[in-house]
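Spelled out from the first residue to the last, the chains are:
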Amino acid sequence: MSEHGERSAPGKGLVNGLAVTLKTMTRRSTTQQYPDVQPELPPRSRGVIALLEENCTVCMLCARECPDWCIYIDSHKEEVVVPGAARARQRNVLDRFDIDFSLCMYCGICIEVCPFDALHWSPEFEYSELDVLDLLHDKDRLGAWMPTVPPPPAHDVLGEPSKEEATAARKAAGPGAPTAARTARARPETPEPGK
Amino acid sequence: MPLWLDLLVRVVAVVAAFLVLPLLVGQAEHKVMAHMQGRLGPMYAGAFHGWAQLVADGVKFVQKEDITPRDADRRVFQLAPVVALFPYLIVLLAIPLGPGGLVAQPLDVGLFFVLAVLGIGVVAVLMSAWASANKYSLLGGLRGAAQLLGYELPLVLAAASVAMAAGTLSLPGIVEAWSPWWLLWQAPAALVFFVSGLAEIRRPPFDMPIADSELVFGYMTEYTGLRFAFFLLAEYVGIIVIAALTTVLFLGGWHGPAAEHLGWLWTLLKVFAVSFVIIWLRVSYPRLREDQLQRLCWLVLVPVALAQLVLTAAVKVAL
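Throughout this description, residue numbers start from 1 for each chain and increase along the sequence as written. Numbering of ligands from 1 and lettering of chains from A proceed in the order in which they are written. For a predicted model such as this one, the threshold for reporting local features is a pLDDT of at least 70, and the threshold for listing and counting side-chain atom pairs is 80 or more; totals across whole chains, interfaces and linings nevertheless cover every residue. Hydrogen atoms and water are omitted, and side-chain values are computed over all heavy atoms in the structure.

Chemist: Residue-level account of helix 10 (residues 225-250) of chain B, with values.
Modeler: Each helix is a run of DSSP H or I of at least 4 residues and each strand a run of E of at least 2, with the numbering of both proceeding from the N terminus. To estimate how far a helix should reach, multiply one less than its number of residues by 1.5 Å. Between its terminal C-alpha atoms helix 10 of chain B stretches 37 Å, which fits the 38 Å expected from 26 residues at 1.5 Å a residue. A positive phi of about 80° marks G252 of chain B, the residue just after helix 10 of chain B.

What follows is the structure in structure tokens.
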């Protein structure tokens, strides 16, 4: 009874319908028994943001780039006396690093912009609260997520090499060698030297 | 065995079947439907794969407030669920389970009795529809009346064919007279009976009187709590009754290997197999439109049933 003129055998659609449901019944269902069985999350899952406090230099890039301004940073300067140096050095000390997860939209820009790898995605997602104010994670709580950060997945063999690798390869090849960017633009199909 | 004890055993057995079999079918429906849709269905109630889900549902329904709308016709409104449920209980009395009088009440006019009692269902639908004082209920009820009255005809004609073939109206007598080649001979009648039986119990794809996407919940819209549970129970008992009647009339009831001892088991197995098909059809097919429903009844099922009657008569005369 198709609208396109051709008529299949009468009742074929009915039999097909029965076959589909019967076949589906014999297959395993896709339901995940979530509270009983933890889901297997893919790498780079965006669960919660973890802070590695030692890496933070209070450069404020994350707080400035955050689209909804949910990162709050306070710091003070501390003098570090280095013996033998002419003057005491100054160092930023982090007083407060809060992320308000009731505002966060999990865009990951803060993690992208952090020049010192102080912020990381963790796949943990079970941190709902009864009070919305409790979603403001302070730096201790953000630091406590750090052990849950998985090791970075292996590099994609078909992808471009990382910037560090490309730079190292170029330096090893000597001056005047093509940079990774130039190679990629000019001859995208040729493999990188030194790979 | 004294008469009263004999009577008591029979009645208790029928009531037990009336209460247990629908729960089994309901649970099977939950699970089969879920797996056919790639889900798991109830998993928590009763700790093992949700076996107690319907018990939990029953407890929930009992706890709910029993609301009667202000403008409703109170008496009729409250009586309708019972009228919906009761005929099926009566029908179960006459269905033979095994050979040698394993039936609650052997009747010479069993088939006639069963079909007559099944017809009461339409009264319950009209009662609940009219008494609810709700336009959706009324629309659903009128659809239900048109559907039930229409499909009564092919149902009775198909049953008449098998009664002619067996030469008796007694249900045990029909099973007794049945032989495997009837599967072929009475196949059109079996199909007509099964389809119109589905329509009689208003199961999808014949659930236009309920049609939750058009009529809220049809004639059941205003019902809550225990009375709504009665309607649901009536639906599941209806599955059992239609499956049992199809089994007894067309699939040979207790016939099977070692029928002398395991006849009841064969009957139950066939009933559950047919119930599975009823659930399967519900999952697979969308609801028919109202005009398609009437076309199917009057232009397909009734002519097929009449042709089957002619065929049955011809074979009967020739033999």
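Chemist: I'd love a proper account of the UniProt feature "transmembrane region" (unreviewed entry) in chain B, names of residues and values included.
Modeler: According to UniProt, the feature "transmembrane region" (unreviewed entry) maps to residues 7-26, 76-97, 109-132, 153-175, 181-199, 228-251, 263-284 and 296-315 of chain B in the numbering used here. The distance separating the terminal C-alpha atoms of residues 109-132 of chain B is 36 Å; by composition the span is 83% helix and 0% strand. UniProt positions are given in the numbering used here, feature names are shortened, and annotations may be inferred rather than shown by experiment.

Chemist: Please give an account of the packing of aromatic side chains that cites residues and values.
Modeler: Here the aromatic set is Phe, Tyr and Trp, taking the six-membered ring for Trp, and pairing holds for ring centres within 6.5 Å; pairs whose planes are under 30 degrees apart are stacked, those over 60 apart are edge-to-face, and all others are tilted. What the rule picks out here adds up to 15 aromatic pairs over all chains. Seen in terms of ring centroids, F77 of chain B and Y223 of chain B are 4.2 Å apart; in terms of plane orientation they differ by 5°. Their pairing is stacked. Highlighted residues: F77 of chain B in helix 3 (residues 74-93) and Y223 of chain B in the loop between helix 9 (187-200) and helix 10, separated in sequence by 146 residues. Taken individually, F77 of chain B and Y223 of chain B each receive the classification buried, so the pair is uniform in this respect. One aromatic cluster is present, formed by F101, Y106, W121, Y127 and W145 of chain A through successive ring pairs. In this arrangement the basic side chain of K60 of chain B is found over the ring face of F61 of chain B, its NZ or CZ atom lying 4.7 Å from the centre. For a ring to carry a charge above it, either NZ of a lysine or CZ of an arginine must fall within 6 Å of the ring centroid while also lying within 35 degrees of the normal to the ring plane. Over the ring of W178 of chain B we find K270 of chain B, and its NZ or CZ is 5.9 Å from the ring centre. Accessible area is worked out with a 1.4 Å probe on protein chains only. A residue is then buried under 20% of its type maximum, exposed over 50%, and partly exposed in between.

Chemist: Pulling in residues and values, what's your account of the confidence of the model for chain B?
Modeler: For chain B, per-residue confidence averages 86 on the pLDDT scale, and 99% of positions sit at 70 or higher. Put simply, helix 8 (residues 182-185) of chain B is where chain B has its lowest mean pLDDT, 84, and helix 9 of chain B is where it has its highest, 90. Looking at any residue, its pLDDT shows the predictor's confidence there, from 0 to 100.

Chemist: Tell me about a negative patch on the surface, and name the residues and values.
Modeler: Residue and element names in this part refer to chain A. Like-charged residues within 9 Å of one another, or nonpolar side chains (Val, Leu, Ile, Met, Phe, Trp, Tyr) within 5 Å, are grouped into patches, provided each residue has over 30% relative accessible area and no salt bridge. In these tables, accessible area is a Shrake-Rupley quantity obtained with a 1.4 Å probe, and a residue counts as shielded only by the protein chains included in the view. Should a side-chain nitrogen of Lys or Arg be within 4 Å of a carboxyl oxygen of Asp or Glu, the pair is scored as a salt bridge. This count recognises Lys and Arg as positive and Asp and Glu as negative, with His and chain-terminal groups excluded. Throughout, a charge is located at the NZ atom of Lys, the CZ atom of Arg, the CG atom of Asp or the CD atom of Glu. Negative charge collects at one region of the surface, where E53, E54, D138 and D140 lie side by side. The residue E54 is located in the loop between strand 1 (48-51) and helix 2 (61-65) in this model. For E54, a relative accessible area of 66% corresponds to the exposed category.

Chemist: I'd love a proper account of the confidence of the model for chain A, names of residues and values included.
Modeler: When pLDDT is averaged along chain A, the result is 83, and 86% of the positions lie at 70 or above. No element of chain A has a lower mean pLDDT than helix 6 (residues 180-186) of chain A, at 53, and none a higher one than strand 1 of chain A, at 92.

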